[in-house]
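Close look at the chain arrangement
As a plain string of letters, each chain reads:
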Amino acid sequence: MPGTRLANKTAIVTGGAANSRGAGMGRAISELFGQEGARVAVVDLSPDGQVTADRIREAGGEAIFVQADVTRRADVERVVRMTLDRFGQINVLVNVVGGSFGEREFLDVSDELWQRVIDMNLKTVHLCCQLTVPAMIEAGGGSIIHISSTNGLMGCPGLAVYSGAKAGLFGFSRVLATRFGPQGIRSNVICPGIMGQGKPDRRQPLGRTARALDIAQAALFLASDEASFISAQILAVDGGHTTTYPEIF
Ligand SMILES: NC(=O)c1ccc[n+]([C@@H]2O[C@H](COP(=O)([O-])OP(=O)(O)OC[C@H]3O[C@@H](n4cnc5c(N)ncnc54)[C@H](O)[C@@H]3O)[C@@H](O)[C@H]2O)c1
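In what follows, the accompanying structure is described.

Each value, and the rule that gives it
- Here the residue numbers are simple positions, counted from 1 along each chain's written sequence.
- Local features in a predicted model are, by the rule used here, given only for residues with pLDDT of at least 70; side-chain atom pairs are given and counted only at 80 or more, and totals for whole chains, interfaces and linings are based on all residues.
- Side-chain metrics rest on all non-hydrogen atoms present in the structure, leaving aside hydrogens and water.
- Strands qualify as paired when DSSP identifies two bridges or more between them.
- Secondary structure elements are defined from DSSP: runs of H or I of at least 4 residues count as helices, runs of E of at least 2 residues count as strands, and each element is numbered from the N terminus.
- Throughout, an axis means a line fitted to C-alpha atoms (over the contacting stretch in the case of helices), and angles, computed between N-to-C directions, take values from 0 to 180 degrees.
- Note on contacts: a residue pair is in contact if any heavy atoms of the two residues lie within 4.5 Å.
- Stacked, edge-to-face and tilted are the three classes for Phe, Tyr and Trp ring pairs, Trp counted by its six-membered ring, which pair at centre distances within 6.5 Å; planes under 30 degrees apart are stacked, over 60 edge-to-face, the rest tilted.
- Two thresholds decide whether a charge sits over a ring: the Lys NZ or Arg CZ must be within 6 Å of the ring centre and within 35 degrees of the ring normal.
- By convention in this text, a residue qualifies as near a molecule or strand provided that one of its non-hydrogen atoms is within 4 Å of it.
- Pairs of N or O atoms within 3.5 Å make up the polar contacts considered here, provided that, within protein, one atom can donate a hydrogen while the other can accept it, and that residues adjacent in sequence are counted only when both atoms are side-chain atoms.
- Accessible areas in this description were obtained via Shrake-Rupley with a 1.4 Å probe; residue shielding takes into account the shown protein chains only.
- Residues enter a patch when their relative accessible area is above 30% and they make no salt bridge; the linking distance is 9 Å between like charges and 5 Å between nonpolar side chains (Val, Leu, Ile, Met, Phe, Trp, Tyr).
- By definition, a salt bridge exists where a carboxyl oxygen of Asp or Glu is found within 4 Å of a side-chain nitrogen of Lys or Arg.
- For every residue, the accessible area obtained with a 1.4 Å probe (protein chains only) is divided by the maximum for its type, and the residue is called buried under 20%, exposed over 50%, and partly exposed between those limits.

With that out of the way, let us pick up the sheet that holds strand E5 (residues 142–147). Pairing is parallel across the open sheet formed by 7 strands, whose spatial order is E3-E2-E1-E4-E5-E6-E7. Edge strands, defined here as strands with exactly one partner in the open sheet, are strand E3 (62–67) and strand E7 (234–237). On average, each strand axis in the sheet is inclined to that of its neighbour by 20 degrees, with strand direction left out of account. Pairing of strand E4 (residues 92–95) with E5 involves 4 bridges; the strand directions are parallel. Bridge pairing in E5 links Val 92 to Ser 143. In the packing of helix H4 (residues 111–138) onto the sheet, the strands contacted are strand E1 (10–14), E4, E5 and strand E6 (185–192), and the crossing angle to E4 comes to about 175 degrees. Its contacts with the sheet place helix H7 (residues 212–223) against E4, E5, E6 and E7, and it is angled at close to 165 degrees to E6.

Our focus in this paragraph is the packing of aromatic side chains. Tallied over the full model, the rule gives 0 aromatic pairs. A cation over an aromatic ring shows up here: Arg 116 above the ring of Phe 101, its NZ or CZ 3.7 Å from the ring centre.

What follows covers the site of the ligand. Around the ligand, 26 residues are found, and the nearest of them are Ser 20, Ala 23, Asp 44, Val 96 and Tyr 162. Contact distances for the ligand include 2.8 Å between an oxygen atom and a backbone N or O atom of Gly 24. One of the side-chain nitrogen or oxygen atoms of Asp 69 is found 2.9 Å away from a nitrogen atom of the ligand. In the complex, the protein chains occlude 84% of the 830 Å² of accessible area that the ligand would expose alone.

This part covers a nonpolar patch on the surface. Nonpolar side chains collect at one region of the surface, where Leu 153, Met 154 and Ile 234 lie side by side and expose about 220 Å² of accessible area between them. Within the element layout of this structure, Leu 153 appears in helix H5 (residues 150–154).

As a further point, take the pattern of salt bridges. One pass over the full model with this rule turns up 8 salt bridges. Between Glu 226 and Arg 5 there is a salt bridge, and its shortest N-O distance comes to 2.8 Å. Here Arg 5 lies in the segment before E1 and Glu 226 lies in the loop between H7 and E7, a separation of 221 residues in the sequence. For Arg 5, a relative accessible area of 35% translates into the label partly exposed. Arg 203 is paired through a salt bridge with Asp 201; the nearest N and O atoms lie 2.8 Å apart. With relative accessibility at 11%, the residue Asp 201 sits in the buried group. Beyond isolated ion pairs, a larger network of salt bridges with shared partners links Arg 72, Asp 75 and Arg 78.

Written as structure tokens, this is what we have:
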């Protein structure tokens, strides 16, 4: 029986392909949103975003896939256009695309690597927000969720640029929340901890790694009207890891 927590809402979720090499948060968020009644625009560079959209439809939901590189303004404009053409409104944006690229030693970081990490983690979010906010205002409000990291909260040894980019989302999100709060737009950040399908892990006090579904359930809450008075917040979904991090990493 499909749920209704996101009934009558249209959500754009970036990074939702079914074959990602990472934790698969975008796919899990897209599918959970679809199960809860959202019309979902799954966005990814990989054509396997289509698989996620197909799964949502097979489960009785509504979804489209838009293949796009969200570091490119023209691509994001196309995402917004196709979502509005198909579903008529945009109420939720989840910025999942992000990541690090083999960064290890700060003194070795090239300008090219710095730019790539910043583009992947901040330019993507900047473009997606700038181009969807007008549609959210038109819809009477909305919820924006940024996927950051506990690395942004605490600073990960060896990941200076990634940690800095993920921390950059905190200020960015707060500005969106204050600037567009009067138009009904909420902006919040989720910081996932150590991901890994729930395997036992002593580094996180709850004794296991996080599953993509753990992050998706937090995103569902923040996207839904249950969180209608929650904005400009940072939520760690990390089994308590920030209490020991980065000493125990
Ligand atoms: N995996 C982790 O351990 C972890 C931990 C904490 C935070 N995070 C953050 O969570 C988010 C999701 O991580 P994940 O591991 O679930 O990701 P993932 O690797 O499973 O999925 C990322 C998706 O983004 C797509 N993508 C990459 N660049 C793109 C672009 N320019 N345009 C469109 N699509 C693009 C990829 O094709 C992929 O499908 C990221 O922002 C990451 O920084 C990850």
